Amino acid sequence: MGADESGRASLDDCQLLSNKQCGAMASGLNAEMALSQCVASKNGTHGIAAAGRSSITVVDSTVKNNKQLGFLIQSGAKADIKKTVVSKNGAHGICLQLGGIASMADCKSLKNKQTGVAVMGASSTATCMQLVSS
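Asks: Looking at this structure, how should I read the overall build of the protein chain?
Replies: A count of helices and strands for the protein chain gives zero helices and 18 strands. Taken over the C-alpha trace, the protein chain has a radius of gyration of 13 Å; the compact-globule value for 134 residues is 14 Å, and the two agree within 12%. Overall, the C-alpha framework of the protein chain stretches about 35 × 30 × 25 Å when taken along its three principal axes. A buried classification covers 45% of the 134 residues belonging to the protein chain. By sequence separation, contacts in the protein chain at least 24 residues apart represent 43% of the contacts at least 6 residues apart. When the accessible surface of the protein chain is totalled, it reaches about 6500 Å², and 48% of it is carbon and sulfur. Charge separation in the protein chain, taken as the distance between the mean sites of 13 positive and 8 negative side-chain charges, equals 11 Å.

Asks: How do you make sense of the pairing of strand β10 (residues 71-74) when you look at a structure like this?
Replies: Look at any regular strand and the pattern is simple: side chains alternate between the two faces of the sheet. Across the two faces of β10 the burial is the same, with F71 and I73 and L72 and Q74 all buried. With three bridges joining them, strand β7 (residues 48-51) and β10 adopt parallel strand pairing. Looking at the pairing, A50 lines up with I73 of β10. Bridge analysis of β10 against strand β13 (residues 94-97) gives four bridges, and the strand direction is parallel. Each residue of the ladder has a partner; that of L72, found in β13, is C95.

Asks: In this structure, what is going on with the sheet that holds strand β3 (residues 15-17)? I would like to understand it.
Replies: The strands that make up a sheet pair up through hydrogen bonds in the backbone, lying either parallel or antiparallel. The strand order across the open sheet formed by six strands is β3-β6-β9-β12-β15-β18, and the pairing between neighbours is parallel. Looking at which strands have only one partner, the edges of the open sheet turn out to be β3 and β18 (132-133). Here strand β12 (residues 85-87) pairs with strand β15 (residues 108-110) via three bridges, running parallel. Residue pairing in the sheet places V86 in a bridge with S109 of β15.

Asks: How should I be thinking about unusual backbone geometry in this particular structure?
Replies: With glycine set apart, most residues show a phi of negative sign, and most peptide bonds adopt trans. One non-glycine residue, N30, lies in positive phi territory at about 70°. With respect to the secondary-structure elements, N30 resides in the loop between β4 (24-27) and β5 (32-36). Given the relative accessible area of 43%, N30 is considered partly exposed.

Rules used in this analysis
Residues numbered from 1 in each chain as written. Predicted model: local features only at pLDDT ≥ 70, side-chain atom pairs only at ≥ 80, totals over all residues. Heavy atoms only, no water. Helix = DSSP H or I, 4+ residues; strand = E, 2+ residues; numbered from the N terminus. Rg over C-alpha atoms; globule rule 2.2 N^0.38 Å. Buried < 20%, exposed > 50% of the residue type's maximum accessible area, 1.4 Å probe, protein only. Contact = heavy atoms within 4.5 Å. Areas by Shrake-Rupley, 256 points an atom, 1.4 Å probe, with all protein chains shown as cover. Lys, Arg positive; Asp, Glu negative; His and termini not counted. Charge placed at Lys NZ, Arg CZ, Asp CG, Glu CD. Pairing = 2+ DSSP bridges.

Below you can see the structure in the form of structure tokens.
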């Protein structure tokens, strides 16, 4: 599932399973994606990704067992993640790169192979409230 260049996608109670690449991705200027009560699992790269000044909102969802990252937020993309569990991914649970911006509230990032939340590169910013990471 994807939204690109001013595209908009809204997913409610969806399962994004075993895709060769990302479970869901928003990319490009003004692309928006909203996910609520979704599961992104066993995807070939990342569970959910945002790039290129897009924005994603994820609420009450599960992102687990993806080959690489649970979330990838990069290149000026913004993410608002609430009440979401990110677990058992092959690298970081939530990764911000190259100016990725994320706000996380009441989330859990558990048992990922690397860090729960990684903030890398100039201008990447994470704001976390009530985050459990182990």
